[in-house]
Amino acid sequence: KPHQGAELKYQAGASPLAAEEMHQNINPKAPPMTKAEFERAKQIYFERCAGCHGVLRKGATGKPLTPDITLAKGTDYLKVFIAYGSPAGMPNWQTSGDLTEKEVDMMARYVQQEPPTPPEYGIKDMQSTWKEYIPVAKRPTKKMNNYNIANIFSTTLRDSGEVALIDGDTKKIINIVKTGYAVHISRMSASGRYLYVIGRDARINLIDLWMEKPDNVAEIKVGLEARSVETSKFKGYEDKYAVAGTYWPPQFVMMEGDTLKPLKIVSTRGMTVDNEYHPEPRVASIVASHYNPEFVVNAKETGKIYIVNYKDLNNLKTTTLDAAKFLHDGGFDSTGRYFLVAANASNKIAVVDTKEDKLAALVDVGKTPHPGRGANFVHPKFGPVWATSHLGDDSISMIGTDPVKHKAQAWKVVATVKGQGGGSLFIKTHPKSKNLWVDTPLNPDAKVSQSVAVYDINNLDKGFEVLPIAEWANLGEGAKRVVQPEYNKAGDEVWFSVWNAKDKTSAVVVVDDKTRKLKTVIKDPKLVTPTGKFNVNNTQHDIY
Ligand code: DHE
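Calculation rules
Residues numbered from 1 in each chain as written. Predicted model: local features only at pLDDT ≥ 70, side-chain atom pairs only at ≥ 80, totals over all residues. Heavy atoms only, no water. Axes fitted to C-alpha atoms, helices over the stretch in contact; angles between N-to-C directions. Helix = DSSP H or I, 4+ residues; strand = E, 2+ residues; numbered from the N terminus. Parallel < 35°, antiparallel > 145°, perpendicular 65-115°, else oblique. Left-handed = near helix turned anticlockwise from the far one by under 90°. Contact = heavy atoms within 4.5 Å. Nonpolar A, V, L, I, M, F, W, Y, C, P; charged D, E, K, R; others polar. Polar contact = N/O pair within 3.5 Å; in protein donor to acceptor, adjacent residues only side chain to side chain. UniProt positions renumbered as here; feature names shortened; annotations may be inferred. Expected span 1.5 Å × (residues − 1). Buried < 20%, exposed > 50% of the residue type's maximum accessible area, 1.4 Å probe, protein only. Salt bridge = Lys/Arg side-chain N within 4 Å of Asp/Glu carboxyl O. Core = buried A, V, L, I, M, F, W, Y, C linked by side-chain atoms within 4.5 Å. Near = heavy atom within 4 Å.

S.K.: Sorry if this is basic, but what is going on with the packing of helix α3 (residues 67-84) against helix α4 (residues 101-110) here?
M.R.: Between two packed helices, what matters for the description is the angle formed by their axes and the separation of those axes. Relative to each other, α3 and α4 sit at 125°, their axes nearing to 9 Å. Considering their axes alone, α3 and α4 lie oblique with respect to each other. Viewed along their axes, α3 and α4 form a crossing whose handedness is right-handed. Facing α3, whose interface residues are Thr75, Leu78, Lys79, Ile82 and Ala83, α4 presents Val104, Asp105, Met107, Ala108 and Arg109. When the residues that make up the contact of α3 with α4 are grouped by side-chain class, the tally is six nonpolar, one polar and three charged.

Here you go:
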């Protein structure tokens, strides 16, 4: 399985829970550990293991590791398993050099102890972290700057806990704004004024783009670990509500859109699509419906999609759709009516009709689909399609999205092309473009992870051209990865992050979409580990 290593490392990203104070629950049957060993093992668990096996060790994409199971296996068996891995997907932590023999022994004993449970996090915890730096009444009543704010790129600076607001017209940095730890995504309010940024530590920052120098106006911490934030987009509710999903605790919270005041928390604990209880269904992607006053909230471990109506938060109406397990990332079709989301461990795309609040289809695609928000274009033969690339294979699947004029093609994979390889995370085009861009940042081959494939939408069978984006950035040493194509507002430029190590130089490379030639390299010592880029206009209107 050539792509497996990168795929596993990607899932096993460090969790902010590693630093949390947690109680040790001594199990008299488990092999003994000192307090120091327990603390160190706990940290390693949250850095390396929790992403697949879950915080409570009840199993997610990895197997359950609760003491009833691990005690029966015993320390020697567990040590071999951790050291050498398994063909089913467990990494070889010792032979890869990631853990020492001593650490492997410690982890084998740790997983036989009761898992320490992180604390719950309710409305009082949220309220105690909530800060309004600039109250609504003191904010500008009109745009106070000369920036073309619709073309600003909010750029994640992953390892510095900041976002860079980059002017898409001049390519200059407007401001570097302090945010949460290991920022994950940025989203725009319906009006295009407010920018929401969420960190892995579940801190949300609200940035007002009307300020002379756009900056934080409010902030809140909504849990211990998170990935998603979104805002109400239905007519009449512009900028009114925000919603954030957390990995821990497994829940989501609705807030006032312009202050982040927390209003209502909803737990996602419950039954899976197979009718088994899961105590830790992490909240993955969230999108706002354009057809109803609703949020579409995706629970990873249960495979359930919650369509939450925000018209009346006290008498909350939720429609629950059974999709498939391990829902992760997704985006709308070109009409904004259908939401397509990857059920990644099921190798499927679930299609939600946000007008009728129904599951329209479950579509089989390649191995471990990872679309980001996906790419919408008109296929010359099959009409409107939405495409995804994959982490686990080199294919790009195109799904027909027009049940009216192309009924026979709707919700089927109508075409598949081959890309550079597995390890792809993001695919992108723009309504004004004829190019389809596919990144491969997690491919083990440096040549592949440091370049991008581009297809001509009208000649997909012709294959792709490879652009050496990292080489163009000319950064010198480092394990640079080229990640996440994002268009500017006009749709005539594509921006790529050249994501290097924290202590090395990174860059954002801007390519002319028509000529596929290098336009600009944005380099600045302040651009530490850039990954995601969110163009205000395209994020505001779900254009991709
Ligand atoms: Fe992401 C989106 C979760 C690792 C960059 N990532 C998402 C979403 C989820 C998610 C649930 C969808 C949010 C939404 O749309 O509401 N990501 C996770 C993980 O659990 C995972 C696998 C491991 C982890 O520990 O976090 C993970 N993600 C990464 C990275 O390593 C990436 C490449 C670099 C980084 O910045 O950390 C990364 N994720 C992104 C980006 C998006 C994203 C850029 C938004 C893409 C878009 O175009 O909308």
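S.K.: Can you walk me through the side chain of Asn151 in this structure?
M.R.: Take Asn151: it is sitting in the loop between β1 (131-132) and β2 (152-157). Within the local environment of Asn151, its side chain forms a polar contact with the side chain of Asn535, the two groups lying 3.0 Å apart. Each residue touching Asn151, except ones within four places of it in the same chain, is listed here: Ile166, Asp167, Gly168, Asp169, Asn488, Lys489 and Asn535.

S.K.: Whenever I open this one, the UniProt feature "domain: Cytochrome c" (unreviewed entry) in the protein chain confuses me. Can you help?
M.R.: UniProt feature "domain: Cytochrome c" (unreviewed entry): in the numbering of this structure it lies at residues 36-115. In the segment residues 36-115, helix accounts for 57% and strand for 0%; the C-alpha atoms at its two ends are 16 Å apart.

S.K.: I'm lost on helix α2 (residues 35-53) in this one. Help?
M.R.: Helical geometry note: an α-helix holds 3.6 residues per turn, so side chains three or four residues apart project in the same direction. Relative to the 27 Å expected for 19 residues at 1.5 Å per residue, α2 spans just 23 Å between its end C-alpha atoms, considerably shorter than the ideal helical length. Considered for burial, the residues of α2 that qualify are Phe38, Ala41, Lys42, Ile44, Tyr45, Phe46, Cys49, Ala50, Gly51, Cys52 and His53. The first or second residue beyond α2 is Gly54, which carries a positive phi of 90°.

S.K.: Honestly, the pattern of salt bridges in this entry has me stumped. Any pointers?
M.R.: Close approach of charged atoms lets side chains of opposite charge pair. Following the criterion strictly, the structure yields 30 salt bridges and no others. A salt bridge links Arg227 to Glu225, with the nearest nitrogen and oxygen atoms 3.0 Å apart. With respect to burial, Arg227 and Glu225 carry one shared label: buried. Between Lys325 and Asp274 there is a salt bridge, and its shortest N-O distance comes to 3.1 Å. Placement of the pair is Lys325 in the loop between β18 (317-322) and β19 (327-332) and Asp274 in the loop between β13 (270-271) and β14 (277-278), with a sequence separation of 51 residues. Among the residues examined, Lys325 registers a relative accessible area of 26% and is labelled partly exposed. Taking the relative accessible area as the measure of exposure, Asp274 reaches 46% and is therefore partly exposed.

S.K.: Sorry, what's going on with the nonpolar core here?
M.R.: Nonpolar side chains in soluble globular proteins tend to be buried together. Met107, Ile204, Val222 and Met255 are the most contacted members of the largest nonpolar core, which totals 49 residues. Looking at this core element by element, the count peaks at seven residues for α2. Non-local contacts of Ile204, meaning those with residues more than four positions away in its chain, are made with Val197, Ile198, Ala218, Glu219, Ile220, Val222, Val229, Ala244, Met255 and Leu260. Phe382, Ala387, Ile427 and Leu460 belong to the second largest nonpolar core, which has 17 residues in total.

S.K.: Teacher, can you tell me more about the site of the ligand here?
M.R.: Close to the ligand lie 22 residues, the nearest being Arg158, His184, Arg187, Tyr247 and Thr531. Within the side chain of Arg373, one N or O atom sits 2.8 Å away from an oxygen atom of the ligand. Here the shell around the ligand is composed, by residue class, of nine nonpolar, eight polar and five charged.

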